[in-house]
Amino acid sequence: MSQRRQRESSRPCDSLTKSDVFNVNLLEDELMGFDITASKRLSQSSSESNLQEKKNNVFLAGAVRRVMQDNMKRKADKDILQQVLKEVETVSAKRMKEGLNQWNFSIGVFNCFFIVYIFGAHPEYLWLVYLAEGSYLIPRKFYNMWSAKPLNQALYYLDFCWCMNFTAFAMILLLVFSGTVAHDDGLVSDTARKGFFNAMMGVACGTLMGANVVLPFVACMFHDVNTMTGLFIHLMPPMVMYTFMWHSAEIKEHWPSIFRLTYLEGLRYFPEEGIFFTPGDGLDSVAGSSVALYFLWWIPYVCFQLLVGIDLPRKFNDDGTSAKPKWDTVFHSTMRQGLCMTLGTVFRGRSKKASIALCMENNFDLIDFFIYMTCHMIAAMTAFYCIGYPCFSSQQFHLLMIIFVTWLVVARGAKRYTYYTTKMYSRVLREHFATHFS
């Protein structure tokens, strides 16, 4: 009898109170004793009426036992259902907090249609749309990154793509000021205008265009400001450069005091020395200026990481004490998203378990960083040659690349929305109730 109680008490009954379990055990013990006593009396009694009465009592006791068990099961099922509903509501509230609502979704969809309309019908105004929307999206995302937990993400703005957009904003605003306020008093020389255009042509149509292809987080999520801002800084610059390259006549006609664009006819992509050159040479060409601008970012960024950046997100100091990190960087974030395991397997012979441990502690070494930055540089240079040059040479290729990356980012967004509507809740519930199901 004591063994029966131990077996019953060891069963998982999270939704039952101790008194419920005690009462059930006590009832079963009494019924068991009743069964034994009844059996003895039945064997000793010769009266058929008494035998039938005892049988009825035994049957009644079994029925009571089954009713009690059914009631306990219903109570347990009710508690589990309440936990499921609570978890679903928690996930829904989280998505709503991230912006998944009717208002944000409607604005996001409308904004995409608006940009496509301006791009096709009024390309001379697309640079204004770029300035206007960037003036809202970039500060808004910065606020979200500053408020991010557990690590502050504000240092993400030191990454190449962000810095190139800041450079473009600054130069366009300077041209607007020079043409409208200073009335073109020589504030920006023709040489500076041409150099800036060359550099941004290669960066926008090469590196940023290629980033749309290789970066999986560049997606069209209409409701999500963070994701749409990431899409904005990667896709809008190639679209704006398309209007300057292939609709320069309309832009000069509408904005003669801001954009001269007289240098477009004599523009060339590679230096006179050839397609291969030393960084810093051929600054009168698109490729030369783009490579120079890239290394103007690459060298300071490497120095920043070597001096302070690589240690900022680490959870533990060299002596094993807790570091209490506050800041995150794009390098650490990218490594945590799977690149650490890829680089560790391909270049360093590191096990998957060791790479996961490094990701958990943000403890990447200088060799990891230099491999990362070397791959970044090779990818950027490849994009200048393989994507930037065809976009510079052919309007059809430039337009097809914009259409292709647009389809790609929409497909990524559709995949994420499909996950939200079909698999997200089942996955969350399975993870939450994994112990119970097992």
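Provided above is the structure to which this section pertains.
Residues numbered from 1 in each chain as written. Predicted model: local features only at pLDDT ≥ 70, side-chain atom pairs only at ≥ 80, totals over all residues. Heavy atoms only, no water.

A.B. asks: Residue-level account of the overall build of the protein, with values.
C.D. replies: Along its length, the protein carries 16 helices and zero strands. Sorting the 438 residues of the protein into buried and exposed places 42% on the buried side. When contacts within the protein are restricted to residue pairs at least 6 apart in sequence, long-range pairs at least 24 apart make up 69% of them. About 24800 Å² of surface is accessible on the protein, with carbon and sulfur atoms providing 63% of the total. (Helix = DSSP H or I, 4+ residues; strand = E, 2+ residues; numbered from the N terminus. Buried < 20%, exposed > 50% of the residue type's maximum accessible area, 1.4 Å probe, protein only. Contact = heavy atoms within 4.5 Å. Areas by Shrake-Rupley, 256 points an atom, 1.4 Å probe, with all protein chains shown as cover.)

A.B. asks: Quick one: what's the story with the pattern of salt bridges, residue by residue and with numbers?
C.D. replies: Tallying each qualifying case throughout the model produces eight salt bridges. Put simply, Arg 268 and Asp 284 hold a salt bridge, and the shortest N to O gap is 2.3 Å. Taken as a pair, Arg 268 in the loop between helix 9 (248-254) and helix 10 (286-307) and Asp 284 in the loop between helix 9 and helix 10 lie far apart in primary sequence, 16 residues in all. Note on Arg 268: relative accessible area 27%, which makes it partly exposed. You can call Asp 284 partly exposed: its relative accessible area is 35%. (Salt bridge = Lys/Arg side-chain N within 4 Å of Asp/Glu carboxyl O.)

A.B. asks: Mind laying out the packing of helix 11 (residues 330-347) against helix 13 (residues 366-393), listing which residues take part and the relevant values?
C.D. replies: Where helix 11 meets helix 13, the axes come as close as 10 Å, and the angle between the chain directions of the two elements is 95°. Classified by the angle their axes make, helix 11 and helix 13 are roughly perpendicular. Contacts between helix 11 and helix 13 pair Val 330, Phe 331, Thr 334, Met 335, Leu 339, Leu 343 and Phe 347 from the former with Asp 368, Phe 369, Ile 371 and Tyr 372 from the latter. (Axes fitted to C-alpha atoms, helices over the stretch in contact; angles between N-to-C directions. Parallel < 35°, antiparallel > 145°, perpendicular 65-115°, else oblique.)

A.B. asks: Quick rundown of helix 4 (residues 102-121)? Include the residues and the values.
C.D. replies: Between its terminal C-alpha atoms helix 4 stretches 28 Å, which fits the 28 Å expected from 20 residues at 1.5 Å a residue. Among the residues making up helix 4, those that are buried are Gly 108, Ile 115, Ile 118 and Phe 119. Burial along helix 4 is one-sided: seen end-on, the buried residues are contained in an arc of 95°. Opposite the buried face of helix 4, at more than 90 degrees from it, the exposed residues are Gln 102, Trp 103, Phe 110, Phe 113, Val 116 and Gly 120. In this structure, the buried side of helix 4 is in contact with helix 5 (126-146), helix 8 (225-246) and helix 14 (395-422). (Expected span 1.5 Å × (residues − 1). Arc of directions from axis to C-beta.)

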